[in-house]
Amino acid sequence: MRGGTEPVGQLTRTDLAELVERIGRARDKNAFAELFRYYAPRVKGYLMGLGADAHVAEELAQEALLMVWRKASQFDASKASAGTWIFTIARNLRIDALRKERRPEFDPHDPALMPADEPKLDDAVAQAQVGRRIRDILKQLPKDQAIVVKMSFFQDKPHSEIAAELDLPLGTVKSRIRLAMGRFRELMEDR
Amino acid sequence: MMVAKHHPSDDVLLAYASGALREEAGLVVATHLALCPRCREEVAMAEAIGGAAFDEIQPSSMQPSALDSVMARLDDAGSAPDDTSRDRRPTPFADPGAEVIPEPLRGYLDGRLDSLPWRRLGPDVREFSIISRPGGATARLLRIAPGKTLPEHGHRGDEHTLVLKGCFFDGDEVFSRGDVESAHGEAVHQPVSGPDEECICLVVTDAPLRFTGLMERILQPFIRI
């Protein structure tokens, strides 16, 4: 199968979730190829934006998609969208491979974990809805809030450096992030 | 059920979700998450924001052979262990009393608490150093006897304190199990542990503490507080 690896036009979020599920359920290589064509260039772009050179980013993007193949059966569309799930795989790879650090994470099966009072009852449809609304809010965020949120995700800088780069007090960066999170939080509370 | 009242700030939670936060601060956030369902939801939301923004990233074309190269590896790739499955067991509690320590912190301590090699910092405080980086970032566990005042100190950078047992007072606020207090830059403060039981805290700094009292400033290079 010839691999066309240019980014292709918009796949819907449902399409993407279905592709992951087909990989997880049936080891579907056609589904994997489609997912690869969509996400590998984005993972590569993500890593280069964080400072990796093209060669390293290329290798790590391939590793990330291989990880998607290996973990596809664990994807739960009721917990997160495919894009969020793949973002977290890329993020963890970045921490491990680019920064050579551990990412501390809580363990949902830890007996010392404090459980939630009411378990969230979500399904894939609800999750898709949430994803849509998050994207809408992101598009509608005031520019100054959108910039700091995106820089936090896609540049290898702590907030103090973001502040320096934008020539703003650190407190301003923090309050813009707080305002942005507040908008998203309102959305979550409407559910 | 005691619910945390003091949480990491939004920018810290976002930085944890985005991967921008360093390991030491991440240890505080993740251990707080184990004790705070509300912040677990916040982080899940922040990750969803990341996922949404991720789709808007400028793609960077892969090499023409990339897909074929990865496809050739699929058959041998197997499955990755499930991070959340019950087969991957949380760190056992190696000491009685270690039940107050959730993951991921418990893993950093090998499930120990009393049997850790505690170092005495004066009569009222014991310390166990978990992380100590050349640049000055540290993560340590502190055990403070009840009703004691910590030396007055300021910070050059950020400091995050997560209470695991007992409580401490700082100004008008009380910080109990699960609570996080963050202090930045110029803040000078003098926390006091609660009167009823020892206070066990995870304390993370990204720069060495600056002691403001004269005696402490003289002693600091020797005590390395």
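Now for a description of the structure that goes with this document. These numbers were taken from a predicted model, which means no experiment stands behind them.

1. A short note on the pattern of salt bridges
Counting across every chain of the model gives 24 salt bridges over all chains. Here B:Asp75 and A:Lys29 are joined by a salt bridge, their closest N and O atoms 2.8 Å apart. Of this pair, B:Asp75 sits in helix 4 (residues 66–77) while A:Lys29 sits in helix 2 (residues 29–49), each in a different chain. A residue is classified by how much of its surface remains accessible, and B:Asp75, at 61% relative accessible area, is exposed. Linking A:Arg103 and A:Glu105 is a salt bridge whose minimum nitrogen-to-oxygen distance equals 2.9 Å. Residue A:Glu105 is classed as partly exposed on the basis of its relative accessible area, which comes to 34%. Through salt bridges that share partners, A:Arg91, A:Arg103, A:Glu105 and B:Glu47 make up one connected network.

2. Let's talk about the nonpolar core
By size, the foremost hydrophobic cluster in this structure holds 86 residues, and its most contacted members are A:Phe32, A:Leu35, A:Phe36, A:Tyr46, A:Leu65 and B:Phe54. Contact partners of A:Phe32, with chain neighbours within four places excluded, come to A:Ile23, A:Leu65, A:Trp69, B:Leu67, B:Val70, B:Met71 and B:Leu74. Among the nonpolar cores identified, the runner-up in size contains 22 residues, and B:Val100, B:Leu105, B:Phe128 and B:Val204 belong to it.

3. Remarks on the interface of chain A and chain B
For an interface, size is often stated in terms of accessible area lost upon the parts coming together. Listed as interface residues are 77 residues of chain A and, on the opposing side, 75 residues of chain B. Summed over both sides, the interface between chain A and chain B buries roughly 7,200 Å², with carbon and sulfur atoms accounting for 60% of that surface. Among the residues chain A hides against chain B, the three largest losses belong to A:Pro104, A:His109 and A:Met114. Together they make up 10% of the total. Where chain A packs against chain B, one counts 8 salt bridges. Note that A:Arg91 and B:Glu47 form a salt bridge whose closest N and O atoms lie 2.8 Å from each other. At the boundary of chain A and chain B, one finds 27 residue pairs in polar contact (both at pLDDT 80 or more). Elements that contribute at least two residues to the side of chain A that touches chain B include exactly helix 2, helix 3 (54–71), helix 4 (82–98), helix 5 (124–140), helix 6 (143–154) and helix 8 (170–189) of chain A. Considering each element in turn, the side of chain A that touches chain B owes the most residues, 15 residues, to helix 2 of chain A.

4. So, the packing of helix 8 of chain A against helix 1 (residues 10–18) of chain B
For the pair helix 8 of chain A and helix 1 of chain B, the least separation of the axes is 8 Å and the interaxial angle reads 75°. Taken together, the axes of helix 8 of chain A and helix 1 of chain B are roughly perpendicular relative to one another. The residues of helix 1 of chain B that touch helix 8 of chain A, namely those facing A:Lys174, A:Ile177, A:Arg178, A:Met181 and A:Arg185, are B:Asp10, B:Asp11 and B:Leu14. Of the residues belonging to the contact of helix 8 of chain A with helix 1 of chain B, the class tally is 3 nonpolar, no polar and 5 charged.

5. Quick look at the pairing of strand 3 (residues 138–144) of chain B
Residues and elements named next belong to chain B. Judged by how many residues are buried, strand 3 sits mostly within the fold: 7 of 7 residues are covered. Side chains of strand 3 alternate between two faces, with Thr 138, Arg 140, Leu 142 and Ile 144 and Ala 139, Leu 141 and Arg 143 buried alike. Here strand 2 (residues 125–132) runs beside strand 3; their pairing, made up of 7 bridges, is antiparallel. Across the sheet, the residue bridging to Glu 127 is Leu 142, located in strand 3. With 7 bridges joining them, strand 3 and strand 11 (residues 199–205) adopt antiparallel strand pairing.

6. Considerations on the sheet that holds strand 7 (residues 173–176) of chain B
Residue and element names in this part refer to chain B. Read across the open sheet, the 3 strands follow the order 7-6-10; overall the sheet is antiparallel. The open sheet has two edge strands with one neighbour each: strand 7 and strand 10 (192–193). Pairing of strand 6 (residues 167–170) with strand 7 involves 4 bridges; the strand directions are antiparallel. Counterpart to Phe 168 in the pairing with strand 7 is Phe 175.

The rules behind each value
Residues numbered from 1 in each chain as written. Chains lettered and ligands numbered in written order. Predicted model: local features only at pLDDT ≥ 70, side-chain atom pairs only at ≥ 80, totals over all residues. Heavy atoms only, no water. Salt bridge = Lys/Arg side-chain N within 4 Å of Asp/Glu carboxyl O. Helix = DSSP H or I, 4+ residues; strand = E, 2+ residues; numbered from the N terminus. Buried < 20%, exposed > 50% of the residue type's maximum accessible area, 1.4 Å probe, protein only. Core = buried A, V, L, I, M, F, W, Y, C linked by side-chain atoms within 4.5 Å. Contact = heavy atoms within 4.5 Å. Buried area = accessible area lost by both parts, 1.4 Å probe. Polar contact = N/O pair within 3.5 Å; in protein donor to acceptor, adjacent residues only side chain to side chain. Axes fitted to C-alpha atoms, helices over the stretch in contact; angles between N-to-C directions. Parallel < 35°, antiparallel > 145°, perpendicular 65-115°, else oblique. Nonpolar A, V, L, I, M, F, W, Y, C, P; charged D, E, K, R; others polar. Pairing = 2+ DSSP bridges.

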